[in-house]
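# Remarks on the overall topology
So the chains spell out like this:
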Amino acid sequence: MKICCIGAGYVGGPTMAVIAQKAPDVRVTVVDMNQARIDAWNSDTLPIYEPGLDEVVKESRGRNLFFSTAVADEINAADIIFVAVNTPTKTYGVGAGRAADLRFIESVARTIADVATSGKIIVEKSTIPVKTAETIKKILAANSRGLSFQVLSNPEFLAEGTAVVDLHNPDRVLIGGEKTPEGQAAVEALSSVYAHWVPRERIITTNLWSSELSKLVANAFLAQRISSINSISALCEATEADVDEVARAIGHDSRIGPKFLKASVGFGGSCFQKDILNLVYLCESFGLPEVAEYWQNVVKMNDWQKTRFATRIVKTLFNTVAGKRIAIWGFAFKKDTNDTRETAAISVCRDLLAEMAEVVVYDPKVPEDQIRRDVLGAEEGEAGKRLIVVNSAEEAAQGAHAVAVLTEWDEFKTIDFAAVLAGMPKPAFLFDGRNLLDLDALRELGFTAFGVGKA
Ligand SMILES: NC(=O)C1=CN([C@@H]2O[C@H](COP(=O)(O)OP(=O)(O)OC[C@H]3O[C@@H](n4cnc5c(N)ncnc54)[C@H](O)[C@@H]3O)[C@@H](O)[C@H]2O)C=CC1
Ligand SMILES: O=C(O)[C@H]1O[C@H](OP(=O)(O)OP(=O)(O)OC[C@H]2O[C@@H](n3ccc(=O)[nH]c3=O)[C@H](O)[C@@H]2O)[C@H](O)[C@@H](O)[C@@H]1O
């Protein structure tokens, strides 16, 4: 069997590397129009940082795993084509700011229709609105010169930073297909690929639309839990309850469960906000404004949490941070990734720069140019002079009035805080946006320390 995956990004790359590793009898090629990205996949420095990924790629690359820009050739050679291109929020026209931008999906469907000389199974790996398979089928049917195509939905549930573990041991693999004999044969063909390492009982099959919708709903439910606990963090700060204790207490209820109850500076990442906005837009399109509003509030609460964190810093530093140096520890949207898409750090840095602070950022994995572009955009302007990126947490804290922990990198737990304190003007403030550090120990050392949801 031959697989081609279109899109060599955070999803396409790791997912295909694991398929190639676990199914050595399958030939897997990942294609992308971005030459630099493909070159990086073929080099010793992969384009994304993901624990364990280097080893997985090295095991199969050149054996049954290939990275290429020859999109048309590889489409033609494949039996199964995964579509793992980006589906960002639309920035223009109808639905701007909410609907998914499906132009990359449509362009891929047209390319397949143009170049294919035999029937294929097309697998939607990208996260897309419900009924997108309908669009793909129509484009293929109108241009396919009589070839037969099956469209499946197979959303990806991996989380960044744990992609390899998640792919090796998924809670479930979801495959949606048509209830026709051809549709079910296609579902079985794809199931047999995953069955190389995923127990059959964890391969869930549904109709196409349930599968497409389940991906949006899974992300909406996960994000909703974070917004729920973050909303409670504000109440904790006002009442002397401790949000971690509340989370532990409610999480012990087996109906609630302990995961995804960590209060934070706000969720980030490329997908939670995008997918909820997509869900909101869908609800509105189907005439369900109450449902749309319900989910919109998850994003609203998250925006508020990010702003609230920056405002708390300003208020605590005697209502002004102008001319003060603020150290930002961690810029990635979570630990163990170099991804900064929608990271809460962007919002916090911008708010502090707007208050005329000098913002000094350290992140172990995110390069300086990426941080500058994320915070300042293309035109650096005056604020660019007050945004400094350094090479260590200690360097960032040197001379800083406050330290703000925005990503829960493990290395922050083992820092010599006495030395950090010695280099800071007093009172030395610390704001832990991840509830990562031992606040009591820091206070004992002499810090004026705050967590999220802690009085
Ligand atoms: N990042 C994540 O952790 C997860 C992402 N997803 C979904 O997976 C999809 C892909 O996400 P990422 O991998 O993060 O995106 P990405 O932006 O990292 O990668 C997408 C790749 O597709 C390529 N591409 C776009 N159009 C193309 C075309 N016509 N021909 C060839 N290549 C083309 C781009 O050059 C890019 O390299 C999105 O729909 C996302 O919502 C789902 C689960 C997890
Ligand atoms: O569709 C996607 O892209 C993926 O989105 C999330 O994965 P990801 O965004 O990589 O990372 P998460 O671990 O879910 O974290 C998202 C954000 O929520 C924050 N978070 C998470 C958990 C928590 O308890 N508290 C909290 O603030 C994280 O710090 C991070 O900023 C989902 O967990 C994946 O299942 C899904 O496949």
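Just so it is clear, the structure is predicted and the values come from calculations on it, not from any experiment.

## Focus on the sheet that holds strand β14 (residues 448-451)
Spatially, 6 strands are ordered β11-β10-β9-β12-β13-β14 in an open sheet, and the strand pairing comes out parallel. The sheet terminates laterally at β11 (387-389) and β14, the two strands that pair on one side only. Between one strand and the next, the sheet's axes are offset by a mean angle of 20 degrees, whatever the strand orientation. Across 3 bridges, strand β10 (residues 358-362) lies against β11 in parallel orientation. Opposite Val 361, over in β11, you have Val 389 as the bridge partner. Relative to the sheet, helix α14 (residues 368-376) contacts β10 and β11, its axis offset from that of β11 by approximately 160 degrees.

## What about the packing of aromatic side chains?
Each aromatic ring pair is described using two quantities: the centre-to-centre distance and the angle formed by the ring planes. By the definition in use, this model includes 13 aromatic pairs. Each member of the aromatic cluster is reached from another via a ring pair, and the members are Trp 329, Tyr 362, Phe 412, Phe 417 and Phe 447.

## Considering a nonpolar patch on the surface
Taken together, the side chains of Phe 286, Leu 288 and Val 291 make up a nonpolar region of the molecular surface, amounting to roughly 280 Å² of accessible area. The residue Phe 286 is located in the loop between α11 (272-285) and α12 (289-316) in this model. Owing to a relative accessible area of 57%, Phe 286 belongs among the exposed residues under this scheme.

## Regarding the UniProt feature "domain: UDP-glucose/GDP-mannose dehydrogenase C-terminal" (unreviewed entry) in the protein chain
Residues annotated by UniProt as "domain: UDP-glucose/GDP-mannose dehydrogenase C-terminal" (unreviewed entry) correspond here to residues 327-439. Along residues 327-439 one finds 28% helix and 17% strand; the C-alpha atoms at either end are 17 Å apart.

## Details of the pattern of salt bridges
Taken as a whole and assessed by the stated rule, the structure comprises 25 salt bridges. Between Glu 237 and Arg 312 there is a salt bridge, and its shortest N-O distance comes to 3.6 Å. In this pair, Glu 237 sits in helix α9 (residues 208-239) while Arg 312 sits in helix α12, placing the two residues 75 residues apart along the sequence. Considered together, Glu 237 and Arg 312 belong to a single accessibility category, that of buried residues.

## Structural notes on the site of ligand 1
Near ligand 1 there are 26 residues, and of these Asp 32, Arg 37, Thr 87, Glu 160 and Lys 274 occur at the shortest range. Between ligand 1 and Thr 87, the relevant distance is 2.5 Å, taken from an oxygen atom to a side-chain nitrogen or oxygen of the residue. Side-chain polar atom of Arg 341 to an oxygen atom of ligand 1: 3.1 Å apart, as the coordinates give it. Here ligand 1 loses 91% of its free accessible area of 840 Å² to cover by the protein chains. When residues of the shell around ligand 1 are assigned to their parent elements, the largest contribution, 3 residues, is made by helix α5 (residues 103-115).

## A word on unusual backbone geometry
Glycine aside, negative phi is the norm for most residues, and most peptide bonds take the trans geometry. Look at the link from Lys 426 to Pro 427: it is a cis peptide, with omega at -5 degrees. When you line up the elements, Pro 427 lands in the loop between α16 (417-422) and β13 (429-432). Even without a glycine there, the phi angle at Met 356 is positive, about 70 degrees. Inspection of the secondary structure puts Met 356 in the loop between α13 (344-354) and β10. With a phi close to 45 degrees, Asn 435 is a non-glycine residue in the positive phi region. Among the structural elements, Asn 435 can be located in the loop between β13 and α17 (439-445).

Analysis parameters
- Residues numbered from 1 in each chain as written.
- Chains lettered and ligands numbered in written order.
- Predicted model: local features only at pLDDT ≥ 70, side-chain atom pairs only at ≥ 80, totals over all residues.
- Heavy atoms only, no water.
- Pairing = 2+ DSSP bridges.
- Helix = DSSP H or I, 4+ residues; strand = E, 2+ residues; numbered from the N terminus.
- Axes fitted to C-alpha atoms, helices over the stretch in contact; angles between N-to-C directions.
- Contact = heavy atoms within 4.5 Å.
- Phe/Tyr/Trp six-rings, centres within 6.5 Å; stacked < 30°, edge-to-face > 60°.
- Patch = residues over 30% accessible without salt bridge, like charges linked within 9 Å, V, L, I, M, F, W, Y side chains within 5 Å.
- Areas by Shrake-Rupley, 256 points an atom, 1.4 Å probe, with all protein chains shown as cover.
- Salt bridge = Lys/Arg side-chain N within 4 Å of Asp/Glu carboxyl O.
- Buried < 20%, exposed > 50% of the residue type's maximum accessible area, 1.4 Å probe, protein only.
- UniProt positions renumbered as here; feature names shortened; annotations may be inferred.
- Near = heavy atom within 4 Å.
- Polar contact = N/O pair within 3.5 Å; in protein donor to acceptor, adjacent residues only side chain to side chain.

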